[in-house]
Amino acid sequence: MGINYDIEDLRAFCTLVRTGQYTAAASQLCITTSALSRRVAKLEDRIGGKLFERTTRRVVVTPIGRTLYAVSYTHLRAHETRGNL
């Protein structure tokens, strides 16, 4: 059985992967860094693993995070193509 994800959580996650910084990702998404952090934590809880290794200046995507990004990116692009975003 697959895990259901909130599309906004996936969008937040993908934006963080692309920017590599919570502040930059939150700014692009027009949300607070704490809201972004909660979205990422929710995904990590559902997956049961860390998506990022965090430092004071940036985040590094873990192997689990890279796999989720590949799937999420494709999923988000499909929604964009259908006009759902």
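None of these values were measured; they are calculated from a predicted model. (Residues numbered from 1 in each chain as written. Predicted model: local features only at pLDDT ≥ 70, side-chain atom pairs only at ≥ 80, totals over all residues. Heavy atoms only, no water.)

Counting its secondary structure elements, the protein chain contains four helices and two strands. Counting from the amino terminus, helix and strand elements in the protein chain follow one another as α-α-α-β-β-α. On C-alpha atoms alone, the protein chain measures out to a radius of gyration of 12 Å, which is about the 12 Å that the 2.2 N^0.38 rule sets for 85 residues. Principal-axis analysis of the C-alpha atoms gives the protein chain an extent of 35 × 30 × 20 Å. In the protein chain, which comprises 85 residues, the proportion classed as buried is 33%. Taking as baseline every contact in the protein chain between residues at least 6 positions apart, the subset at least 24 positions apart corresponds to 52%. Roughly 5,500 Å² of accessible area belongs to the protein chain as shown, and the carbon and sulfur atoms make up 51% of that amount. Averaged over its 13 positive side-chain charges, the protein chain has a centre that lies 4 Å from the centre of its 7 negative ones. (Helix = DSSP H or I, 4+ residues; strand = E, 2+ residues; numbered from the N terminus. Rg over C-alpha atoms; globule rule 2.2 N^0.38 Å. Buried < 20%, exposed > 50% of the residue type's maximum accessible area, 1.4 Å probe, protein only. Contact = heavy atoms within 4.5 Å. Areas by Shrake-Rupley, 256 points an atom, 1.4 Å probe, with all protein chains shown as cover. Lys, Arg positive; Asp, Glu negative; His and termini not counted. Charge placed at Lys NZ, Arg CZ, Asp CG, Glu CD.)

Interpreting fine coordinate detail is not advised for predicted regions of low pLDDT. For the protein chain, the mean per-residue pLDDT works out to 89, and 93% of the residues sit at or above 70. Mean pLDDT across the elements of the protein chain bottoms out in helix α4 (residues 63–81) (87) and peaks in helix α2 (residues 22–29) (96). (pLDDT = per-residue confidence, 0-100.)

Okay, the environment of Ala26 next. Its place among the elements puts Ala26 in helix α2. It is 6.2 Å that separates the C-alpha atoms of Ala26 and Leu36, two residues lying ten residues apart in sequence. Beyond its immediate sequence surroundings of up to four residues, Ala26 is in contact with Ile31, Thr32, Thr33 and Leu36.

With that settled, consider the packing of α2 against helix α3 (residues 33–47). The contact between α2 and α3 brings their axes to 9 Å, and the two run at 100 degrees. Classified by the angle between their axes, α2 and α3 sit roughly perpendicular to one another. In contact with Tyr22, Thr23, Ala25, Ala26 and Leu29 of α2, α3 contributes Thr33, Leu36, Ser37 and Val40. (Axes fitted to C-alpha atoms, helices over the stretch in contact; angles between N-to-C directions. Parallel < 35°, antiparallel > 145°, perpendicular 65-115°, else oblique.)

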